[in-house]
Amino acid sequence: MERVPVLKIGDILLVSIQIDMSDQTALALQEDLAERIVATGCHGVIIDITALDIVDSFVGRMLSTIASISRVLDAETVVVGMRPAVAITLVELGLSLNGIRTALNVERGMELIAASREADLTYDGEVEYPEPGQTATSP
Amino acid sequence: MTAGVDLSPKAQAIGSDEDVVRVRQLVRTVAVAVKLSLVDQTKLVTAASELARNTLIYGGGGSAEVTVVDDGRRRGVRIVFADSGPGIPDLDLALTDGYTTGGGLGLGLSGARRLVDEFDVETAAGNGTRVTVTKWSR
């Protein structure tokens with residue numbers, strides 16, 4: 001079985017799919033990526049599908065699953081380089097790539113990850129609790 | 001114009017994951033040879049990928065036969081996926097978006113039907129399944 005290489009560039013993992021993947025290869029990529037996200041602590045994953053001339057329901061599901069797995073592991077996934085004919089076919093097939101962010105190319109994908117990372121870090125994430133001494137009023 | 005391009009029918013056995021990849025490659029080669037547009041090539045190869053996977057997973061393996069067809073006005077690619085598996089008990093249900101018995105997305109059969117021009121399923125419980133699809137050049 002062939003394997004798709006996962007490259008680390010700064011804080012980002014880059015996967016450029018250059019082969020016609022068998023289903024087993026796609027599943028292996030899913031697992032490899034999860035392990036690499038945890039091992040490297042990267043916060044962004046870019047999947048470049050420029051070379052893919054089709055995305056069928058299996059690969060589409062793999063992309064959605066990778067996006068979900070990486071979200072749970074505190075990383076954001078961006079799929080880049082989808083060909084126009086692939087986009088048209090995906091929509092007609094009935095596949096909505098749920099939860100997947102897309103960008104036209106790797107460069108824009110990196111910008112997207114950097115921007116959303118910054119937004120995450122500046123958001124204080126505080127949940128409003130009642131001030132000490134005050135009692136929470138129940139509705 | 002098509003001198004040197006082999007348009008004779010071609011068959012590919014489907015018995016493993018890698019065979020599904022081979023079916024895609026075979027269909028692509030033929031679709032290019034009959035000069036389907038890029039979008040139509042993509043749709044046909046995607047449909048073939050879904051159906052070949054069905055043949056493998058639900059039919060327990062089988063074969064795909066790819067033929068060039070000609071109706072006098074235009075040419076097209078016809079693919080027959082055949083297996084001798086359990087058959088599809090309820091075809092209408094199997095053609096419903098999102099219905100699956102195999103843990104997939106349930107888009108294989110219904111999605112493939114939308115991607116081709118002609119779509120035909122012959123199946124009977126216990127007698128296997130034969131799916132025929134055709135995509136015509138425009």
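Structure's up top.
As the structure is a computational prediction, the values presented were derived from the model and not from experiment.

This paragraph deals with the interface of chain A and chain B. If you look at the interface, chain A gives 20 residues, while chain B gives 23 residues. Summed over both partners, the interface of chain A with chain B comes to about 2000 Å²; 54% of that surface belongs to carbon and sulfur atoms. The interface formed by chain A and chain B includes 6 salt bridges. Across the pair Asp53(A) and Arg28(B) runs a salt bridge whose closest N-O atoms are separated by 2.8 Å. Our count for the contact surface shared by chain A and chain B stands at 12 residue pairs in polar contact (both at pLDDT 80 or more). Secondary-structure elements contributing two or more residues to the side of chain A that touches chain B are helix H1 (23–40), helix H2 (57–72) and helix H3 (84–93) of chain A. Element by element, the count of residues in the side of chain A that touches chain B is highest for H3(A), at 6 residues. Of the residues in the side of chain A that touches chain B, the class split is 9 nonpolar, 5 polar and 6 charged.

Its boundaries defined by the atoms lining it, the largest pocket holds a volume of some 680 Å³. For the lining of the largest pocket, the secondary structure elements donating two or more residues are H2 of chain A together with helix H2 (38–57), strand S3 (75–83), helix H3 (91–94), helix H4 (108–115) and strand S5 (129–136) of chain B. The dominant element in the lining of the largest pocket, judged by the number of residues it contributes, is H2(B), at 6 residues. Among the residues making up the lining of the largest pocket, the classes are represented as 15 nonpolar, 15 polar and 5 charged. The volume enclosed by the second largest pocket comes to roughly 160 Å³. Around the second largest pocket, the lining is made up of 13 residues, and of these His43(A), Arg71(A), Ala75(A), Glu76(A) and Thr77(A) lie nearest the centre. Taken together, the elements giving at least two residues each to the lining of the second largest pocket come down to H2, strand S4 (76–80) and helix H4 (106–122) of chain A. If you tally residues by element for the lining of the second largest pocket, the top one is H4(A), at 4 residues. Each residue belonging to the lining of the second largest pocket can be placed in one class, and the counts come to 3 nonpolar, 4 polar and 6 charged.

Conventions adopted
- Residues numbered from 1 in each chain as written.
- Chains lettered and ligands numbered in written order.
- Predicted model: local features only at pLDDT ≥ 70, side-chain atom pairs only at ≥ 80, totals over all residues.
- Heavy atoms only, no water.
- Contact = heavy atoms within 4.5 Å.
- Buried area = accessible area lost by both parts, 1.4 Å probe.
- Salt bridge = Lys/Arg side-chain N within 4 Å of Asp/Glu carboxyl O.
- Polar contact = N/O pair within 3.5 Å; in protein donor to acceptor, adjacent residues only side chain to side chain.
- Helix = DSSP H or I, 4+ residues; strand = E, 2+ residues; numbered from the N terminus.
- Nonpolar A, V, L, I, M, F, W, Y, C, P; charged D, E, K, R; others polar.
- 1 Å grid on protein atoms, 1.4 Å probe; cavity = no way out; pocket = protein on both sides within 12 Å on 5 of 7 lines; lining within 4 Å.
- Points joined across faces, edges and corners; volume = space filled by probe spheres on them.

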